[in-house]
Amino acid sequence: MTPPGELAMAAGEVSGYLGPVAALVAAAAAIGYLTARARVVPIVGFLVAGVLLGPSQLGVIENSEMVRAAAEIGVILLLFTIGIEFSLERLARVWTWIAVAGGLQLLLATGAGLALTLALGGTWRDGVFTGFLISLSSTAIVLKLLGDRRETATTRGRLAVAVLIAQDLAVVGMVLIVPLLGSGAEGGTGLGSLVRAILTAVAVVAAVLVVARRVMPPALDVVARICSPEVFLLTIVAVCLGTAYLTALAGVSVSLGAFLAGLVVSESGASTHVLSEVLPLQIIFSAVFFVSVGMLLDLGFVLDNVLLVLAAAAVVLVVKALTTAAAATAVRIPVRTAAATGLLLAQIGEFSFVLLTVGTAAGLAPLGRGQDAAQVVVATTVLLMLATPVLAAAAARVDRPGTGTPRDAVPAGGASPAGPDGGGEHAVADHDSLRDHVVIIGWGPTALDIAETLQHRGVPVLMTTLNPDGAAEAEAAGVRVVRGDPTKVAVLRAAGVPAARLVVVAEDEPEQALRVVRAVRAVTTAPILVRPLGEVDVTEFAAAGADHVVDPRHVSGHALLQSVLAELGHAETAPDRRRTVVDTARVIRYPWPDAGEDCGHAEASRPVVPRAPGCVACLRAGTDWVHLRICLSCGHVGCCDSSRHRHARVHAHTDGHPLVVSAEPGESWGYCFVDDVTVPAPAQAAPRLR
């Protein structure tokens, strides 16, 4: 145990890593903000931040070991989330692309590197090494861009992912072959090591796939039933990092291991929940990864050798684009889509840095040109990574619809067309096609009753819940379900909330319901109807963005369904058509205009929910009324002065609530009983009735 004196001394000291870390995060945030304002992909900003902070420029971060560790976690989390969105079904559909297009791209690019090296007088060993370096593309950057541009499900995006998977698999063999090239080893020892490594990798992949199908779905359901965000997050991070670590021990790249871990989770019904929990961590660590790549660039070397670096970047760009496009056409991809995929994968990948370190330690040199060539590779890699967002935009223009290139081309081998998968909830894009539907957030008998009623009336419904048992019951009733935390944007987008016609928040706890309303209002302008249990602060819910608040203390449980039907235009006709019926869930907002000296009670007007569908006192007594008025202080509904008992005026004097608003259709005015002032309201403040 550390003595108290040392703890006290440590408390007054500043750790050596804190300054560089603070500078890194602050610079990444500031430059990322500026690039986002300039409508430039944030990745560019992170790379630029790394260039400025690196040891070759400002030198703010000199010890990069900690940054490399955080960057590796960033790659792991990024590939983990991509694996969740991809799923085993999608992987199976592009297996032909992985084997044929991916394998051919590696062969062609490696051959091009060998030919260039031999043409410049280098050895074949340096040539193969060079080919390995340029054959790899950046998995992290390409997949990040595809996700941000929502192009993962396009033919171009799926083909790019297939080629990247092939490259990650090939890294296993490359890491073993490169030292053998440098040492000049011959015979069966090197070949035997390579065969063993490949067999080990195959066994690891097979084991992961078995776990994905048999073990992971029920295991995650058990954890999800606890409904503890902390335990769930720790569990999925353990799955992600643990799988990556085990695959690395087996000789497989951590990138592929993380991707496989995502595939494992994608087979669980909780995949959307997992994605929403991991996404914030992934964003932070991925930003550190891109900063760490930028730190490798030496601007001094680039300025001294600008023509050489630009020429090298141009050559690599052409070679990668042509070899990838040629490989794509081999699996019957249209020429435009093949060319677009070539542009998308035209950069050099992050794992080339690993190969570069291993190769130079073994005495190899890119193009056979010594240490300077290694610096050229680093500079070329960073420059092409910086250019990748521009290349991705160019690829989208080349492959845009209407130019004769179908984006949903069918791959060789019987794979289905590109686009969102038809079943399962693992892919965020699964519910993107939903429009004008009703999203029900929460689970229970009332929520299920609403869902079934709406579906019987032909209204599409989607439900979100964290409860695995509730999700299973809803799915058994034919309701589509997205499992996850509804306060997370990823879950709301997966449920199609931005395009929804109505959102019903059926969370029991008022605080949780309030958080959900705020999150929903941030992504949609659709009406929000909320039904919490317990104490309800209408003002708070109105400020959060709720349009209807069903308070079960004052209305029956059936009122929630009636309010939903009224909003959708499915309300039942009132038994007595002569009477106005007030919607007891709609929030009445009546910002009282400044009437000067005529009325000094504006502060009494606040957001309220009507307490009853008609005059409270008349309903109790069984009497009739002429017109209805709603109290703007508490929501009391009373009859007007033309009615027999004038209950609205009685309530105003008894409770000291001076302001009311007319509840009659077509009327939008308020009245102050104390000052005898009638105040017309803006149209948007008029109460809506049913």
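Structural data are supplied above this passage.
Cut-offs used in this document
- Residues numbered from 1 in each chain as written.
- Predicted model: local features only at pLDDT ≥ 70, side-chain atom pairs only at ≥ 80, totals over all residues.
- Heavy atoms only, no water.
- Helix = DSSP H or I, 4+ residues; strand = E, 2+ residues; numbered from the N terminus.
- Buried < 20%, exposed > 50% of the residue type's maximum accessible area, 1.4 Å probe, protein only.
- Contact = heavy atoms within 4.5 Å.
- Areas by Shrake-Rupley, 256 points an atom, 1.4 Å probe, with all protein chains shown as cover.
- Pairing = 2+ DSSP bridges.
- Axes fitted to C-alpha atoms, helices over the stretch in contact; angles between N-to-C directions.
- Polar contact = N/O pair within 3.5 Å; in protein donor to acceptor, adjacent residues only side chain to side chain.
- Phe/Tyr/Trp six-rings, centres within 6.5 Å; stacked < 30°, edge-to-face > 60°.
- Patch = residues over 30% accessible without salt bridge, like charges linked within 9 Å, V, L, I, M, F, W, Y side chains within 5 Å.
- Salt bridge = Lys/Arg side-chain N within 4 Å of Asp/Glu carboxyl O.
- Core = buried A, V, L, I, M, F, W, Y, C linked by side-chain atoms within 4.5 Å.
- Right-handed = clockwise from strand over helix to strand, strands pointing away.
- Lys, Arg positive; Asp, Glu negative; His and termini not counted.
- Charge placed at Lys NZ, Arg CZ, Asp CG, Glu CD.

### Quick word on the overall build of the chain
Looking only at helices and strands, the chain has 26 helices and eleven strands in total. Burial statistics for the chain: of 690 residues in total, 53% are counted as buried. Nonlocal contacts in the chain, meaning residues at least 24 apart in sequence, comprise 71% of its contacts between residues at least 6 apart. Summed over all atoms, the accessible surface of the chain reaches about 29200 Å², with 61% contributed by carbon and sulfur.

### Description of the sheet that holds strand β2 (residues 461-465)
In space, the six strands of this open sheet follow the order β3-β2-β1-β4-β5-β6, with parallel pairing throughout. The sheet terminates laterally at β3 (480-483) and β6 (548-549), the two strands that pair on one side only. Strand direction decides the pairing type here: strand β4 (residues 502-505) and strand β5 (residues 528-530), joined by three bridges, are parallel. Its bridge partner lying in β5, Val 504 is registered against Leu 529. The strands that helix α19 (residues 445-456) touches are β1 (438-441) and β2; relative to β2, the one it contacts most, it runs at about 165 degrees. Contacts from helix α20 (residues 468-476) reach β2 and β3, with the element oriented near 165 degrees to β3.

### Description of the environment of Arg 606
Relative to the helices and strands, Arg 606 is located in the loop between α24 (558-567) and α25 (616-621). Overall, the relative accessible area of 37% leaves Arg 606 in the partly exposed class. Counting along the chain gives 28 residues from Arg 606 to Cys 634, while the straight-line C-alpha distance between them is 8.3 Å. Excluding anything up to four places from it in sequence, Arg 606 contacts Thr 539, Ile 588, Leu 632 and Ser 633. Among the polar contacts listed, one links the side chain of Arg 606 to the backbone oxygen of Ser 633, at a separation of 3.1 Å.

### Thoughts on the side chain of His 657
Summarising the element assignment, His 657 is placed in the loop between α26 (647-655) and β9 (659-662). Those residues in contact with His 657 that sit more than four places away from it in its chain are Cys 631, Ser 633, Cys 634, His 651 and Ala 652.

### Topic: the packing of aromatic side chains
Scanning all chains against the criterion turns up two aromatic pairs. Considering the side-chain rings of Tyr 590 and Trp 592, the 5.6 Å spacing of their centres and the 50 degrees angle between planes classify their relative orientation as tilted. Trp 592 shares its class with Tyr 590; the two are buried. Their ring planes at 85 degrees and their centres at 5.1 Å tell us that Tyr 671 and Phe 673 sit as a pair that is edge-to-face.

### Remarks on a nonpolar patch on the surface
Where nonpolar side chains cluster on the molecular surface, the patch consists of Tyr 245, Leu 246 and Leu 249 and spans about 360 Å² of accessible area. Residue position: Leu 249 is located in helix α11 (residues 229-249).

### Focus on unusual backbone geometry
Residues other than glycine seldom take positive phi values, yet Arg 646 does so here, at roughly 50 degrees. With relative accessibility at 43%, the residue Arg 646 sits in the partly exposed group. At Asp 676, a residue that is not glycine, the phi angle is positive and equals roughly 50 degrees. The topology assignment puts Asp 676 in the loop between β10 (669-672) and β11 (677-680). Taking relative accessible area as the criterion, Asp 676 reaches 56% and is therefore assigned exposed.

### Notes on the pattern of salt bridges
On inspection of all chains with the given rule, the structure shows five salt bridges. Among the ionic pairs, Asp 508 bridges to Arg 531, the shortest N-O distance being 2.7 Å. Taken together, the positions of Asp 508 in the loop between β4 and α22 (510-521) and Arg 531 in the loop between β5 and α23 (538-544) put the pair 23 residues apart, joining distant regions of the chain. Owing to a relative accessible area of 38%, Asp 508 belongs among the partly exposed residues under this scheme. Across the salt bridge formed by Asp 547 and Arg 521, the nearest N and O atoms sit 2.8 Å from each other. Taken together, the residues span a long stretch of sequence, with Asp 547 in the loop between α23 and β6 and Arg 521 in helix α22 at a distance of 26 residues.

### Considering the pairing of β11
Side chains of β11 alternate between two faces, with Val 677 and Val 679 buried and Thr 678 and Pro 680 left unburied. Here four bridges tie β10 to β11, and the two strands are oriented antiparallel to one another. Bridging across to β11, Tyr 671 finds its partner in Thr 678. Hairpin connection, β10 to β11: the antiparallel pair is bridged by four residues, and Asp 676 has positive phi, about 50 degrees.

### A word on the nonpolar core
Formed by 103 residues in total, the largest nonpolar core has its most connected members in Phe 80 and Val 274. Ranked by residue count, the leading element in this core is helix α8 (residues 155-183), at 13 residues. Apart from residues no more than four positions distant in its own chain, Val 274 is found in contact with Phe 80, Ile 84, Leu 220, Phe 232, Ile 236 and Val 265. Core analysis: the second largest hydrophobic core is formed by 31 residues, Ala 495, Val 517, Val 538 and Ala 546 among them.

### Examining the pairing of β4
Neither face of β4 is open: one carries Leu 502 and Val 504, the other Val 503 and Val 505, and all of them are buried. Pairing of β1 with β4, which is carried by four bridges, proceeds in the parallel orientation. Residue pairing in the sheet places Ile 440 in a bridge with Val 504 of β4. Handedness of the β-α-β unit built from β4, α22 and β5 comes out right-handed.

### Side note on a negative patch on the surface
A cluster of like negative charges, contributed by Glu 509, Glu 511, Asp 537 and Glu 540, occupies part of the molecular surface. Structurally, Glu 509 is set in the loop between β4 and α22.

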